[in-house]
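# Breakdown of the fold
Residues per chain, in single letters:
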Amino acid sequence: MIDIAELLTFIKVAETSSFSEAGAQLFVTQPAVSKRIAALESNLGVTLFDRIGRQVQLTEAGIRLLPKAIKMAEDLQDIKRSMTLQMQDVSGELRISTGHHIGLHRLPTFLKRFQEDFPSAQLEIEFVQSEEAYQDVLKGRAELGIITLSNKENALIESLPIWSDPLTCVVSQDHPLASSNNLTLIELAKHACVLPNKNTFTRQIAEQAFGKQGLKPKVRMNTNNLETLAMLVGIGWGWSLLPSTLVDDKLVVLNLADLNVERELGVIHHKQRTLSRAAIAFIELLKNDSSTM
């Protein structure tokens, strides 16, 4: 197999008729030039230059090789230019897996901007639970996941926080705790609640807060749809932890320091996967929004 560096060195020596001048133009030493030419001659089984005193002249084999070598070098440059242009072009398919709540309340502006800025790119979006989106990225079904970030590290997953999402403890206006002052976690644990399923990152955050005091929340019902949780709280089924974006005048916020918790929302990708230009561009959009918050 012909080494590209050896071929380019051969062309330069042929152009300059000098090993030392070729080395100067290639920014390598004269011995390095000699070594490359010797290796190329050995590989091809021919002598490419006659060394007559201080003069260097192409042999017949060298004369025949030169136009082919120049053509190969030009083709190589064309390949490099082509790849550079392709890598600068944001196109192709970008598969994103994201949670329903994030997809509804955080992403619309970014999805619109991305399609306006990069019309050649094709977005494929799967709306699932954050935990499913995490597995989609881990197993290669999606290039990016935009989710509630896990509080557990995984050596294969790169996580980039984008938004802080405070969780607010809320009840209905006619709930027994609606007018409580100096409420404690012990008192709250006596009342029923509605929370996401056990396998969700949000549920794990809530249970960790209770677990610090040796308590468990009294869960009446599980559902992963946060809008449904807000509705259930509003009709008096129990308290819940909800993002502030879902708190309206039908709900009462409880002032409970022990439940002043927050989720981190952000983007994840597989560390062993080379990101496409489209994925890099989408992450940059998200990061730019994060830097202004």
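In this text the structure is predicted, and so the values were computed from the model without any measurement. (Residues numbered from 1 in each chain as written. Predicted model: local features only at pLDDT ≥ 70, side-chain atom pairs only at ≥ 80, totals over all residues. Heavy atoms only, no water.)

### Topic: the overall build of the chain
The helix and strand tally for the chain stands at eleven helices and eleven strands. In terms of overall dimensions, the chain is more spread out than a globule: its C-alpha atoms have a radius of gyration of 32 Å, far above the 19 Å expected for 293 residues. At a minimum sequence separation of 6, the contacts of the chain that also span at least 24 residues come to 74%. Accessible surface computed for the chain: about 16100 Å², of which carbon and sulfur atoms make up 51%. A gap of 4 Å separates the mean positions of the 30 positive and 34 negative side-chain charges of the chain. (Helix = DSSP H or I, 4+ residues; strand = E, 2+ residues; numbered from the N terminus. Rg over C-alpha atoms; globule rule 2.2 N^0.38 Å. Contact = heavy atoms within 4.5 Å. Areas by Shrake-Rupley, 256 points an atom, 1.4 Å probe, with all protein chains shown as cover. Lys, Arg positive; Asp, Glu negative; His and termini not counted. Charge placed at Lys NZ, Arg CZ, Asp CG, Glu CD.)

### Focus: the state of the cysteines
A covalent bond between the sulfur atoms of two cysteines is referred to as a disulfide. Using the criterion set out here, one finds zero disulfides in the structure. Not engaged in a disulfide, the cysteine Cys169 finds its nearest cysteine sulfur in Cys193; these two sulfurs lie 8.9 Å apart. Using a relative accessible area of 0% as the deciding quantity, one classes Cys193 as buried. (Disulfide = S-S within 2.5 Å. Buried < 20%, exposed > 50% of the residue type's maximum accessible area, 1.4 Å probe, protein only.)

### Topic: the UniProt feature "domain: HTH lysR-type" (unreviewed entry) in the chain
The UniProt record annotates "domain: HTH lysR-type" (unreviewed entry) at residues 2-59. Secondary structure over residues 2-59 splits into 62% helix and 14% strand, and the C-alpha atoms at its two ends are 19 Å apart. (UniProt positions renumbered as here; feature names shortened; annotations may be inferred.)

### Let's talk about the side chain of Thr168
Within the secondary structure, Thr168 is located in strand 6 (residues 157-172). Note on Thr168: relative accessible area 16%, which makes it buried. What Thr168 contacts, discounting residues up to four positions off in sequence, is Ser240, Leu241, Leu242, Ser244, Val247 and Val253.

### A few points about the environment of Ala278
Here Ala278 lies in helix 11 (residues 277-291). C-alpha of Ala278 to C-alpha of Gly211: the two residues are 67 residues apart in sequence and 42 Å apart in space. For Ala278, the residues in contact, after removing those within four places along its chain, are Val90, Ser91, Leu94 and Phe114.

### Regarding the nonpolar core
Counting 24 residues, the largest nonpolar core has Leu94, Phe114, Leu144, Ile146, Trp163, Phe282 and Leu286 as the members making the most contacts within it. Secondary structure elements with two or more residues in this core: strand 3 (92-99), helix 6 (108-117), strand 4 (121-128), strand 5 (144-148), strand 6, strand 11 (261-270) and helix 11. Per element, the largest residue contribution to this core is seven residues, and it comes from helix 11. Ignoring any residue separated from it by four or fewer positions in sequence, one finds Leu286 in contact with Leu107, Phe110, Ile146, Ile162, Trp163 and Val267. Counting residues in hydrophobic clusters, the runner-up holds 22 residues, among them Cys169, Leu177, Ala189 and Ala209. (Core = buried A, V, L, I, M, F, W, Y, C linked by side-chain atoms within 4.5 Å.)

### Some points on unusual backbone geometry
For Ser17, which is not a glycine, the phi torsion comes out positive at approximately 55°. With respect to the helices and strands, the residue Ser17 is situated in the loop between helix 1 (4-16) and helix 2 (19-26). A relative accessible area of 39% means that Ser17 is categorised as partly exposed. For Asn182, which is not glycine, the phi torsion reads 55° and is therefore positive.

### As for the packing of aromatic side chains
The way to describe two aromatic rings as a pair is by their centre distance and the angle between their planes. What the rule picks out here adds up to six aromatic pairs. Ring geometry for Phe114 versus Phe118: centroids 5.1 Å apart, planes at 55°, classification tilted. Counting every residue linked through ring pairs, the aromatic cluster contains Phe10, Phe19 and Phe49. One cation-aromatic arrangement involves Arg220 over Trp237; the distance from NZ or CZ to the ring centre is 4.2 Å. (Phe/Tyr/Trp six-rings, centres within 6.5 Å; stacked < 30°, edge-to-face > 60°. Lys NZ or Arg CZ within 6 Å of the ring centre and 35° of its normal.)

### Overview of a nonpolar patch on the surface
Judged by side-chain polarity, Met221, Met231, Ile235 and Trp237 come together as a nonpolar surface patch covering roughly 350 Å² of accessible area. Tracing the backbone shows Met221 in strand 8 (residues 218-222). (Patch = residues over 30% accessible without salt bridge, like charges linked within 9 Å, V, L, I, M, F, W, Y side chains within 5 Å. Salt bridge = Lys/Arg side-chain N within 4 Å of Asp/Glu carboxyl O.)

### Quick notes on the packing of helix 1 against helix 3 (residues 30-44)
At a closest axis distance of 9 Å, the pairing of helix 1 and helix 3 adopts a crossing angle of 110°. Taken as axis vectors, helix 1 and helix 3 run roughly perpendicular relative to one another. Taken together, the residues of helix 3 that come into contact with helix 1 (itself represented by Ala5, Glu6, Leu7, Thr9, Phe10 and Val13) are Val33, Arg36, Ile37, Ala39 and Leu40. Residues belonging to the contact of helix 1 with helix 3 are distributed by class as follows: eight nonpolar, one polar and two charged. (Axes fitted to C-alpha atoms, helices over the stretch in contact; angles between N-to-C directions. Parallel < 35°, antiparallel > 145°, perpendicular 65-115°, else oblique. Nonpolar A, V, L, I, M, F, W, Y, C, P; charged D, E, K, R; others polar.)

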